[in-house]
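This is what each chain is made of:
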Amino acid sequence: MLKVSKLKKVYDGGVQALENVSFEVPKGQFLAVIGLSGSGKSTLLRCINRLIEPTEGKIIFDGEDVTAASEDELRHIRRKIGMVFQHFNLVQRSSVLTNVLAGRLGYVNPVWSLFNRFPASDLEKAMRELDRVGIADKAKYRADELSGGQQQRVGIARAMMQEPHLVLADEPVASLDPVLAHSIMQYLEKINKEDGVTVLCSLHFLDLVHRYADRVIALNQGQLVFDGLPQEINDEKFKEIYGRDAERVG
Amino acid sequence: MKNLRQIGKSALLGVAVLIALVIYAYGFKVTKVNLDETRSPRRQEQLVRILRALARPDLVTYDQEEYVVNAPVHVPCPAGGYEAPAPNTDEPYMIVTPACVEPGGTVVVKGFNFNPGTTGPLSFIPPSEVSLRMGNIQVGADGTFEIEAKVPKRESDENQYVRAITRKQVGGPKISQTAVDTWDKIVETVFLALLATTIGLLFAVPLSFFAARNLMKDVNSPLTVVALNLLAIPIGLYLGGRLAGWIGGLSQGIDSIVIMLLTVILGPVIAYFGLRWALPQEELTTPTLQTRVIRILGLAAVVFVAIFSLYMLSALAMRIGDALEIALGAAGFLGTFLADLGDILGMALAVITAFVGAGVLSGLAGRLGKFLVRGVQARTAKIVMIALAIISGAAIFILIMMGINWLYQFNKPELIYYWPGVLGALGGLFLGVRMKPRDPFPIGMVIYNLARTIFNALRSIEALIMVIVFVVWVGIGPFAGVLALSLHTVAALAKLYSEQVESILVGPLEAVTATGANRLQTIIYAVIPQIIPPYISFTMYRWDINVRMSTIIGFAGGGGIGFLLIQNINLLNYRAASAQMLAIALVVASMDYLSSALRERTV
C-alpha cells in the first residue's frame, strides 16, 4: 500500500538526509524504522506525507503518486495518513477535544471549521477515540494540563480521527519513561491489529522493536542498511546499523 | 621590544582619549552648552519662578473678597500746596507722603489696618479712571505696609488717587476651572488612546500574518496563477465595489422601518440556512459538476441576501440612532454612537464586498490557472504563462504609475501608459522565459517584504507628524488624533504581532498540516491559540503607549490634553500647565499599573 522508491532528500544547506531509499510496506504491517539520531528517520517519515518536500524519488500511497500530487490532491492524501510525534505537537492552549477534532480538519468544510463547528458525528467520534485511549474524562482540559503520556494518547486519538490507512509515528515514545512507552506502544499495536492500520514507527530501543514490530528497516547516514525481521538483527548487523563503537543497551 | 609595544599601546590610548575629547568638545559647541547662562541671576530668578509655579498646580481656587482703598494725591502740587483730608482710621487707609508731587516724582505710600499677609497691586488712578501700575504691596503681619513708588507723568488740576487693591480668600477651597478643563481633556485623552488602540488592533491582527516569515515563506504558486490573480484581484475589487453600490442603492429605496426590521431579522436566518445547505459540513466524495454549480448559485444568493440585510441593518441603526439622539437627552451620545456604527457598517460593507469580489475572482483565477498549468500540454502551458506574465507585468506597472500620477499630476500618456507598460511587459517576459510552468513563484515572500516595508515606513513616521495630515482632513480635534494614532498603531502592532507569529512552536503547525488541513485552517487551529497571550500583552502595552502619545498629540492639533498643555505653555500660564502635567503623570502611571496587572492575569 506504500511504495517508496529511490527517495533522496538534500536540505538547503547541502546536507544529504536521504540517499536512494527504496522499500515497500504491505497493508496492515507494523514496520519499525531504526537508526542513530540524524540518520534520516524523521526526514523519511515526513517525506511520505510531504511535510518535507523530497528532492528526488517517488512515493506511491494507495495507488496515488504522493510526490506528483497538487496541493488539493495532497491534502486528500494527507487526511488518510495519521501522524504521531515525539513531542506530541498538541496545541497547548487548546482543549483536548479541540486537539482531537483537529484530526477531522481534512474532511470538514473549511468554512464551518473556521468557527470551530464540527458535525455531531465528529464530536461523538472524538469522544469515542478519547475513550479508547482512556482519557475521555480529560476532554475539557487544556492540553498542557495533561502529563506526557496522556498528551501522547491525545496525539494518537487525533491521528485516529483521520480514519487513517497509515500511521506515521516519529519516535512516539522517545520523550516518555519506559513504563509509559509500553502503554503508548500498546495503543499503536492495538490500532494496527484491531483496525488493520499500517504503522510506520521510528524507534530508539531495540527491545521495543523486538516486542512490537513485524519488520524493521534501518537507516545509517541516509542510506537503507537493513531490511528484515527484528530477530535478524544480530551483533554484526547491530554494529552495521549503529556504528562500530556502539554497545547494546536494554 | 616589550617595552616598545607598551609605549605604543599607551600612545594609542592617548590618541584615543584626545579624539574623544575633541568629539565631546564639538558636541558642546553644537549643542550650545552655556554655563554662564545657568549662573546668571536673571535666569536663576526666572527658574525659581517657574519651578514655584509648577509646584503649585492650578487645581483649587478660593472665592476672594476685594478691598479697594484710595488715597488722594495731587500732581503737580497746586499753588497753595495740598493737604490730604484725614482718613477714616477705623477702616483700612493709606497715607501718601508727600500728598502732592511733581510728575515723575517719588512718593512713599503707607498702609494701615490692612488684612495681614494679603498682597495686591498698587495703582495710580488719573481722572480718566484708567489704572496705572505703580507696584505691588505686601501687607505685613501687623496689617501695615510701606512702599516707595514713582508717580506717573499725569498732570491734572483735580484730585488724583493712589489705589490699593488687596484680596482675601473667603470660604473653602473650590475646584478651579483649570482643573475642570483638565479633567475633561484627560478623559478625552484616555478614550482617544482606547479608540486608536482598538482600531489599530482590528487592522493589525489580520495584517500581521502577512508580515510573518514562517507563514509566508511556503506560500508560492506557479507564475501563471500569480499573473492571473494580479489581473483578477483589481477587477474583482472593482466589480465588488460596483455590486456594493448597486445593493446599497436598492436598500436606500426602502424607507419603511417595518421592512427594515423584517429584513434584519429574516436575512441572517435565510443566509444561515442557505449556507448550511450550500456548504455541507463534511464531504467524503467530490460532488458532481451539477451540484457544484447549483451550490455556487446558492452561495451567490446567500451573499446577496447577507449584504442586503447588512445594508438594511446599517440604515436601521442610523435611523434609530438619530431618533435616540433626540429622545435620550443627556444620554443622546448613545444614539449618536449607534448612528455612527450604522454609518461605519455601511462604509465597511462597501470595502468588504469589494474584497469578496476580489476573493471570488481570485478563486476563479486560481482554478483556471491550475488548469492552465496542469491540464494542458507543456508547450501550451509555457506560452500561456509567458503571455499572462507579460500582460500582468504591464498592467501592474501601469497601475502603479497611475497612482504616482495621481500624486504628481504630470499627466503625460507616455509616462503613465507606454513606458511602464513596456517595462512591465519586459519584466513579465523575462520571468516567463526563465521559469518553468510548474515552478513555484515565491509570491508569499513578495507579499511579506512588501508588508514589512510598508509597516516600517509607517512606523518610522511619528503619530505627531501624521496628525498634521489628518487635521487638514477632519479638522483640529481629537478625531484627527484618533486617526493618526490608529494608523501608527496598525503599523507598530502588525510588526510586533508578526514577530510573535514568527516565534511560535512549529510542532503543532506540522501536526495540523499533516491532518490535511488547508492553510487557513492551520492558522486558526495551530497558530492563533499560540499567539493569543502575546497579542493581548502587546495590545495592552500599545494602549499604554497610546495614552502617552495622545497626551502630546494635541501639540499638533490632535485633541486631548496636549492641546490645553501647549496653549498654557505658550501663554506662560505655568500653574495651569502644571495641573495638566500632573494629570498626565497620574494617568500614565495608573495605566502602567493597570496594564501590567491585566497582563499578569491574562498571560
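Bear in mind that the values here come from a model prediction, so they are computed numbers and not experimental data.

From N to C terminus, chain B includes 18 helices and 9 strands. The C-alpha radius of gyration of chain B comes to 38 Å, more than 25% above the 25 Å expected for a compact globule of 603 residues. Each of the three principal axes of chain B carries a C-alpha extent, and together these read 125 × 100 × 60 Å. When contacts within chain B are restricted to residue pairs at least 6 apart in sequence, those whose partners lie at least 24 apart make up 75%. For chain B, the exposed area adds up to about 35100 Å²; of that, 68% sits on carbon and sulfur atoms.

All names here are of chain B. In the contact formed by helix H4 (residues 177-210) and helix H16 (residues 519-552), the axes pass within 9 Å of each other and the chain directions differ by 150°. The orientation of H4 relative to H16 falls into the category roughly antiparallel. As for the relative orientation of H4 and H16, their crossing is right-handed in sense. Between H4, through Thr 189, Val 190, Leu 192, Ala 193, Leu 194, Ala 196, Thr 197, Leu 201, Val 205, Ser 208 and Phe 209, and H16, the contact on the second element is made entirely by Ile 523, Val 527, Ile 528, Ile 531, Tyr 535, Thr 539, Arg 542, Trp 543, Asn 546, Val 547, Ser 550 and Thr 551. Taken together, the residues that form the contact of H4 with H16 break down as 15 nonpolar, 7 polar and 1 charged.

The next point concerns the domain arrangement of chain B. Structurally, chain B comprises domain 1 (2-49), domain 2 (62-175) and domain 3 (176-212 + 460-603). For domain 2 of chain B versus domain 3 of chain B, the distance between C-alpha centres works out to 57 Å.

Looking now at the pairing of strand S5 (residues 132-138) of chain B. Residue and element names in this part refer to chain B. As paired strands, strand S4 (residues 119-125) and S5 are joined by 6 bridges and run antiparallel to one another. Along S5, the bridge assignment pairs Gly 120 with Ile 137. Taken together, S4 and the strand that follows it, S5, pair antiparallel across an intervening segment of 6 residues, in which Glu 129 is found at a positive phi of about 70°.

Now for the UniProt feature "domain: ABC transporter" (unreviewed entry) in chain A. Residues annotated in UniProt with the feature "domain: ABC transporter" (unreviewed entry) correspond here to residues 2-246 of chain A. What you have in residues 2-246 of chain A is 35% helix and 24% strand, and the ends, taken at the C-alpha atoms, are 32 Å apart.

Let's shift gears to the state of the cysteines. Covalent bonding between the sulfur atoms of two cysteines is what defines a disulfide. All names here are of chain B. This structure, assessed with the given rule, holds 1 disulfide over all chains. What pairs with Cys 77 in a disulfide is Cys 100, and their sulfur atoms sit 1.8 Å apart. With the S-S bond torsion at 85°, the cross-link from Cys 77 to Cys 100 turns out right-handed. You can see Cys 77 sitting in the loop between strand S1 (60-73) and strand S2 (93-97) and its partner Cys 100 sitting in the loop between S2 and strand S3 (106-112), a full 23 residues away along the chain. Owing to a relative accessible area of 31%, Cys 77 belongs among the partly exposed residues under this scheme.

Time to look at the side chain of B:Ser314. Tracing the chain through its elements places B:Ser314 in helix H8 (residues 289-327). Using a relative accessible area of 5% as the deciding quantity, one classes B:Ser314 as buried.

Residue and element names in this part refer to chain B. The sheet built from 4 strands is open, its strands ordered S1-S7-S4-S5 with antiparallel pairing. Across the chains shown, the open sheet's two edge strands, defined by having one partner strand only, are S1 and S5. In this sheet, adjacent strand axes meet at a mean angle of 25° when their direction is disregarded. Across 13 bridges, the pairing between S1 and strand S7 (residues 160-175) is antiparallel. Note on S7: the bridge partner recorded for Val 73 is Gln 160.

Another point: the pattern of salt bridges. Residue and element names in this part refer to chain A. In the structure shown here, the tally under the stated rule is 28 salt bridges over all chains. Put simply, Glu 129 and Lys 125 hold a salt bridge, and the shortest N to O gap is 3.4 Å. Here the residue Glu 129 and the residue Lys 125 both occupy positions in helix H5 (residues 120-132), the gap between them amounting to 4 residues, near one helical turn. Using a relative accessible area of 9% as the deciding quantity, one classes Glu 129 as buried. A relative accessible area of 11% places Lys 125 in the buried class. Through salt bridges with shared partners, a single network forms among Arg 104, Asp 122, Lys 125, Glu 129, Arg 132, Glu 163, Glu 194 and Asp 195.

Rules behind the numbers
- Residues numbered from 1 in each chain as written.
- Chains lettered and ligands numbered in written order.
- Predicted model: local features only at pLDDT ≥ 70, side-chain atom pairs only at ≥ 80, totals over all residues.
- Heavy atoms only, no water.
- Helix = DSSP H or I, 4+ residues; strand = E, 2+ residues; numbered from the N terminus.
- Rg over C-alpha atoms; globule rule 2.2 N^0.38 Å.
- Contact = heavy atoms within 4.5 Å.
- Areas by Shrake-Rupley, 256 points an atom, 1.4 Å probe, with all protein chains shown as cover.
- Axes fitted to C-alpha atoms, helices over the stretch in contact; angles between N-to-C directions.
- Parallel < 35°, antiparallel > 145°, perpendicular 65-115°, else oblique.
- Left-handed = near helix turned anticlockwise from the far one by under 90°.
- Nonpolar A, V, L, I, M, F, W, Y, C, P; charged D, E, K, R; others polar.
- Domains from an automatic or database assignment.
- Pairing = 2+ DSSP bridges.
- UniProt positions renumbered as here; feature names shortened; annotations may be inferred.
- Disulfide = S-S within 2.5 Å.
- Buried < 20%, exposed > 50% of the residue type's maximum accessible area, 1.4 Å probe, protein only.
- Salt bridge = Lys/Arg side-chain N within 4 Å of Asp/Glu carboxyl O.

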